[in-house]
Amino acid sequence: MRPSLTPLCLALLSALPAATHAGTPLFLTVDGTQVATPFTDGKLVHSLSKGSYRIQIADAGHSCGSTYGPNQSGPLPFGTAQTMSDCAKDQSFTLRVMLPGEYEFTFDQAHATLKVLRATKKTVVKRAPPEVPCSKWDGGPVTASLEGVWPDGTRLRDAYSGQEAVVQGGKITLTPAASSEGILLLEPVTQAKPAPFSWDQASVYFLLTDRFHNGDPSNDHSFGRQKDGKDEVATWHGGDFKGLTEKLDYIKNLGMNAIWITPMVEQVHGFIGGGEQGSFPFYAYHGYWALDFTKIDPNYGDEESLRTLVDEAHKRGLRIILDVVMNHAGYATLGDLQDLDLASLTAQRGKLPARWNSWTPSGGLNWHGYNQFINYQSNDWSRWWGADWVRADLPGYPKPGNDDVQGSVAGLPDFLTESTKAVDLPEFLKHKADTRARTIPNASVSDYLIAWHTDWVRRFGIDGFRGDTVKHLEPAVWARLKQAGSEALREWKAANPDKKIDDLPFYMVGEVWDHGVSKDLWYDNGFDSVINFDYQREGALTHAQCMSQAEETYASYARRINGDASFNVLSYISSHDTKLFFGDYQDVGLQKRVANSFLLLPGGVQVYYGDESGRGLAKDGGVFDQALRADMNWSELGQGEKAGLLRHWQKLGQFRAAHPAIAAGSHRKLSGAPYTFVREQGEDKVVVVFAGRS
């Protein structure tokens, strides 16, 4: 996770107008593409990702007199009405957006002025993706060449529609299902026995436990955690292990073989202020602000519900990957100072309610106002984590540095993982009645963290770790974590032969921010795979619009990843830190097409909860990544286009699950029209045909 507590700075904003010239509708044009919805009464709300855009306002024909922009290329000031030319021709304003979100464009046609502000109301505005050249499919039969793949007489099945046909003259003719977005998924009717699972073919379902499914409402308010009664941007929503266990069959039916859950350890009990304006209470619902690494946060459940989750997942062939944070602990909150008997670190206690988590801002304060009740200058901060454990801007603590390893991520207390000094338990853990933490003789900070995390593996059979903020930690520490995790899983499998799925070793995948498809030092320091940030940025949208555009990526990934047994990446189209693929265009057809191109990608893939169901954006309170963490949209899946979208993803995911060649095999293009390729690994062989856009 890349923590973001305050919004990114918003630099030069530009924008466009809106009314009409002589009744002609005016549209916002972004990078040459017309937004589908025209201006209404001089206003338009439009969603923009971080980046720079070329902006005009114009009628559909870009007529002189109705095409507004600058007299020469330039930026527009944010929040100020800017005079515009009504015959801008090829001139566009530059709009630089640093904070993704929705923006309100206000155009006064009478005075030809435009003003842009961040929108205060959440409005869903569909925008069309840029056009990508693609062959067209008329909906009829498609003949594909299979020369050199299967001999004549071989009976093949389209796994999507269930149709069968026989190879004749080195070709096959079938009609793609109308709902398939123009693809055939060809496999032999008589298939060889599938190869055993390998992490090389990982299909990982990633979810925020708190936002997925609430199976036990009785644990929703642990430690006196409160709802805010408004947008609930960053309060706890109730998802837990019992809820996830209830949905294991759903995840299995998507063709997934692993589940990545966000950190489950006990989080800070209270809140901080969310956003620059402190507009909402921000709790640690996401799991990345740990307080006690030896306890499960009760909002997620207890040890019994975790054991049930892991055991039931294993019965279904699903592996559990636990997100682990070795870099930092959570903030000090009012709830923690009260619960840990650290009242000496507070101020103005007489103004606090009996339950400090019940404090709400008043008298002109916002949610940042909680800070006035914490005495950051107290000499008693040694009673918290202590100077031997973390860097922090507190009295007596070592100060954070300026590099990745010794710097502080989002102001969080940074563990001294590079230190070899033997340390005792932090003072607050010594006195925390329910902790499992015990003093480890001659142990350093990293020794404790490794022991605490791998204890979950040894006791519950966790199959792997996803390392958070990897580049902010020494590589050697990750290598030690992998070694300890491997030993812990071997011990659990030896003690639980009836519960294990297989004898595969412990798995680790790392979040190295902005990493692409390249092999580097992390693979020599414990990681089997690294999250691939490149695919979402560079391939996902284009490939979704036209699958044949993916050929270069398919060939490159298969060669680079599958040509090296010790190299893999985990590619994604959506995440909790970057963006939702569905969020940009709110287009169900596009979301179906991205399943076709994405789930046929070589290497590992990570499906973010709701990719398969068109889960939309949430209100973000001015902190963009909060929009990416809406509750799972279960209520939309019973019928209609979202139900059809889910069925489509299930078919693609199950095809991927049935054929290890898709993720781990060789790739060879057979034809450009229709676009056809073959994937092979051992005895497993499949052909995919893309007829074109309908």
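Along each chain, numbering runs from 1 in the same order as the chain's sequence is written. pLDDT decides what is reported in this predicted model: residues at 70 or higher carry local features, side-chain atom pairs at 80 or more are listed and counted, and totals for whole chains, interfaces and linings draw on all residues regardless. Working from all heavy atoms in the structure, the side-chain values ignore hydrogens and water.

Every helix listed is a DSSP run of H or I at least four residues long, and every strand listed is a run of E at least two residues long, numbered separately from the N terminus. Helix and strand content of the protein chain: 14 helices and 32 strands. For a compact globule of 694 residues, the expected C-alpha radius of gyration is about 26 Å, and the protein chain comes in at 27 Å, within 12% of that figure. With the C-alpha coordinates of the protein chain rotated into their principal frame, the extents come out at 80 × 75 × 45 Å. Classification of the 694 residues of the protein chain by burial places 60% in the buried group. Look at the contacts in the protein chain between residues 6 or more apart in sequence, and 71% of them connect residues 24 or more apart. Accessible surface computed for the protein chain: about 26,200 Å², of which carbon and sulfur atoms make up 48%. Residues scored as positive are Lys and Arg, those scored as negative are Asp and Glu, and His as well as the terminal groups of each chain are ignored. To locate a charge, take NZ of a lysine, CZ of an arginine, CG of an aspartate or CD of a glutamate. Averaging the coordinates of the 69 positive side-chain charges in the protein chain and doing the same for the 82 negative ones gives two points 1 Å apart. Each radius of gyration is computed over the set of C-alpha atoms, and the globule rule expresses the reference value as 2.2 Å times the number of residues to the power 0.38. In this scheme, a residue with accessible area under 20% of its type's maximum is buried, one over 50% is exposed, and one in between is partly exposed, where area comes from a 1.4 Å probe on protein chains only. Should any heavy atoms of two residues lie within 4.5 Å, those residues are considered in contact. Only the protein chains shown count as covering a residue, and every accessible area follows the Shrake-Rupley method with a 1.4 Å probe.

Relative orientation of the contacting elements helix H6 (residues 445-460) and helix H7 (residues 475-495) amounts to 25°, with a least axis distance of 8 Å. Relative to H7, the element H6 lies roughly parallel. For H6 against H7, the interelement crossing comes out right-handed. Across from Ser-446, Asp-447, Ile-450, His-453, Thr-454, Val-457, Arg-458, Arg-459 and Phe-460 in H6, the residues of H7 making contact are Val-477, Arg-480, Leu-481, Ala-484, Gly-485, Ala-488, Leu-489, Glu-491 and Trp-492. Residue polarity follows a fixed list, in which Ala, Val, Leu, Ile, Met, Phe, Trp, Tyr, Cys and Pro are nonpolar, Asp, Glu, Lys and Arg are charged, and the others, Gly among them, are polar. Looking at the contact of H6 with H7, its residues break down into nine nonpolar, four polar and five charged. Fitted lines through C-alpha atoms serve as axes, helices being fitted only where they are in contact, and the angles separating the N-to-C directions of these axes extend from 0 to 180 degrees. Oblique is the label for any angle not under 35 degrees, not over 145, and not in the 65 to 115 range, which are roughly parallel, roughly antiparallel and roughly perpendicular in turn. When the near helix sits turned anticlockwise from the far one by under a right angle, the crossing is termed left-handed; a clockwise turn instead gives a right-handed crossing.

We now examine unusual backbone geometry. In terms of backbone geometry, most residues other than glycine have negative phi values and most peptide bonds are trans. Residue Pro-674 is reached from Ala-673 by a cis peptide bond, and omega for that bond is -5°. Tracing the sequence through the fold places Pro-674 in the loop between strand S30 (666-672) and strand S31 (675-681). Phi at Asp-31 is positive, roughly 50°, even though this residue is not glycine. Structurally, the position occupied by Asp-31 is in the loop between strand S1 (27-30) and strand S2 (33-34).

What follows deals with empty space enclosed by the protein. Of the grid points, spaced at 1 Å and generated over the protein atoms alone, those admitting a 1.4 Å probe that cannot get out make up cavities, while open sets with protein on both sides within 12 Å along at least five of seven lines make up pockets; any residue with an atom within 4 Å of a point is treated as lining. Grid points are joined across faces, edges and corners, and a volume is the space filled by probe spheres set on the points. All chains considered together, the criterion is met by five cavities of 30 Å³ or more. Volume-wise, the largest cavity comes out at about 70 Å³. For the largest cavity, the full set of lining residues is Trp-260, Arg-466, Glu-511, Trp-513, Ile-531, Phe-533, Tyr-572, Ser-575, His-576, Asp-577, Thr-578 and Gln-606. Across the lining of the largest cavity, the residue classes tally to five nonpolar, four polar and three charged.

Looking at the secondary structure, you find Gly-239 in the loop between strand S16 (203-207) and helix H1 (241-246). Sequence-wise, Gly-239 and Thr-209 are 30 residues apart; in three dimensions their C-alpha atoms are separated by 5.4 Å. Beyond its immediate sequence surroundings of up to four residues, Gly-239 is in contact with Thr-209, Asp-210, His-213, Asn-214, Asn-299 and Tyr-300.

What follows is about the pattern of salt bridges. The term salt bridge refers to a pairing of a side-chain nitrogen on Lys or Arg with a carboxyl oxygen on Asp or Glu at a separation within 4 Å. Taken as a whole, this structure holds 43 salt bridges when the rule is applied. Among the ionic pairs, Glu-487 bridges to Arg-490, the shortest N-O distance being 2.7 Å. Residue Glu-487 and its partner Arg-490 are located together in helix H7, separated by three residues, close to a single helical turn. Connected via shared salt-bridge partners are Asp-249, Glu-312, Lys-315 and Arg-316.

A word on the UniProt feature "domain: Glycosyl hydrolase family 13 catalytic" (unreviewed entry) in the protein chain. The UniProt record annotates "domain: Glycosyl hydrolase family 13 catalytic" (unreviewed entry) at residues 206-656. Helix makes up 28% of residues 206-656 and strand 12%. Its end C-alpha atoms lie 17 Å apart. UniProt positions are given in the numbering used here, feature names are shortened, and annotations may be inferred rather than shown by experiment.

It is worth spelling out the nonpolar core at this point. By size, the foremost hydrophobic cluster in this structure holds 165 residues, and its most contacted members are Tyr-205, Ile-251, Trp-385, Trp-478, Phe-598, Leu-600 and Trp-649. In terms of residue count, the dominant contributor to this core is H6 (eight residues). Those residues in contact with Phe-598 that sit more than four places away from it in its chain are Tyr-535, Ser-571, Tyr-572, Ile-573, Val-605, Gln-606, Val-607 and Trp-649. Core analysis: the second largest hydrophobic core is formed by 24 residues, Leu-26, Val-30, Tyr-53 and Leu-99 among them. Only buried residues count toward a nonpolar core. Its members are Ala, Val, Leu, Ile, Met, Phe, Trp, Tyr and Cys residues joined through side-chain atoms within 4.5 Å.

For the rest of this paragraph, the subject is the packing of helix H12 (residues 588-598) against helix H13 (residues 641-658). Closest axis-to-axis distance for the H12/H13 pair is 9 Å, and the angle between their directions is 5°. If you check the angle between H12 and H13, you find them roughly parallel. For the pair H12 and H13, the contacting residues are Val-588, Gln-591, Lys-592, Val-594, Ala-595, Asn-596 and Phe-598 in the first and Glu-641, Lys-642, Leu-645, His-648, Trp-649 and Leu-652 in the second. Class assignment for the residues of the contact of H12 with H13 results in seven nonpolar, three polar and three charged.

Okay, the pairing of strand S9 (residues 101-108) next. Looking along a regular strand, one sees side chains alternate from face to face of the sheet. As judged from the six bridges shared by strand S3 (residues 43-48) and S9, these two strands associate in the antiparallel manner. Paired with Leu-48 across the bridge in S9 is Gly-101. Strand pairing is defined by DSSP finding a minimum of two bridges between the two strands. Direction of pairing for S9 relative to strand S10 (residues 113-118): antiparallel, over a ladder of six bridges. Note on S10: the bridge partner recorded for Phe-105 is Val-116. Taking the residues that link successive antiparallel strands as the turn, the S9-S10 hairpin has four residues, and the phi of Ala-112 there is positive, at about 50°.

Take the residue count of a helix, subtract one, and multiply by 1.5 Å to get its expected span. Between its first and last C-alpha atoms H6 spans 24 Å; for 16 residues at 1.5 Å apiece the expected length is 22 Å, and the two agree. Of the residues making up H6, those classed as buried are Val-445, Ser-446, Tyr-448, Leu-449, Ile-450, Trp-452, His-453, Thr-454, Trp-456, Val-457 and Phe-460. A positive phi of about 80° marks Gly-461, the residue just after H6.

What follows deals with the sheet that holds S31. Through backbone hydrogen bonds, the strands of a sheet pair up, either in parallel or in antiparallel fashion. Read from one edge of the open sheet, six strands run S13-S12-S15-S32-S31-S30, paired in antiparallel fashion. Where the open sheet ends on each side, the last strands, each with one partner, are strand S13 (164-166) and S30. Ignoring strand direction, the axes of neighbouring strands in this sheet form an average angle of 25°. By the bridge criterion, three bridges tie strand S12 (residues 155-158) to S13 in an arrangement that is antiparallel. Within S13, the residue paired with Leu-156 across the bridge is Ala-165. Against the sheet, H13 makes contact with strand S15 (183-188) and strand S32 (684-690), and its axis sits at roughly 30° relative to S15, the strand it touches most.

Look at helix H3 (residues 303-315): 18 Å from first C-alpha to last across 13 residues, which is about the 18 Å you get at 1.5 Å a residue. Within the span of H3, buried status applies to Ser-305, Leu-306, Leu-309, Val-310, Asp-311, Ala-313 and His-314. On its buried face, H3 sits against H1, helix H2 (248-253), strand S21 (290-296), strand S22 (319-324), H6 and H7. N or O atoms within 3.5 Å of each other form a polar contact, as long as, within protein, one can give a hydrogen and the other can take it, and as long as residues adjacent in sequence are counted only when both atoms are side-chain atoms. The backbone nitrogen of Glu-304 has a side-chain oxygen 3.2 Å away, supplied by the residue at the start of H3, namely Asp-302.

Attention now goes to the packing of aromatic side chains. Note on aromatic pairs: the rings of Phe, Tyr and Trp (six-membered ring only in Trp) are paired at centre separations within 6.5 Å, and the planes decide the class, stacked below 30 degrees, edge-to-face beyond 60, tilted for the rest. Using the criterion set out here, one finds 43 aromatic pairs in the structure. The interplanar angle of 90° and the centroid separation of 4.9 Å between the aromatic rings of Phe-465 and Phe-506 together place this pair among those described as edge-to-face. Residue Phe-465 is located in strand S25 (residues 464-467), and its partner Phe-506 is located in the loop between H7 and strand S26 (507-510); the two are separated by 41 residues in the primary sequence. A residue is classified by how much of its surface remains accessible, and Phe-465, at 1% relative accessible area, is buried. Joined through ring pairs, the aromatic side chains of Tyr-205, Phe-206, Phe-212, Tyr-250, Trp-260, Tyr-608, Tyr-609 and Trp-634 make up one cluster. Our definition puts a charge over a ring when NZ of Lys or CZ of Arg is within 6 Å of the ring centre and also within 35 degrees of the ring normal. The ring of Tyr-285 has Arg-211 lying over it, and the distance from NZ or CZ to the ring centre is 3.8 Å.

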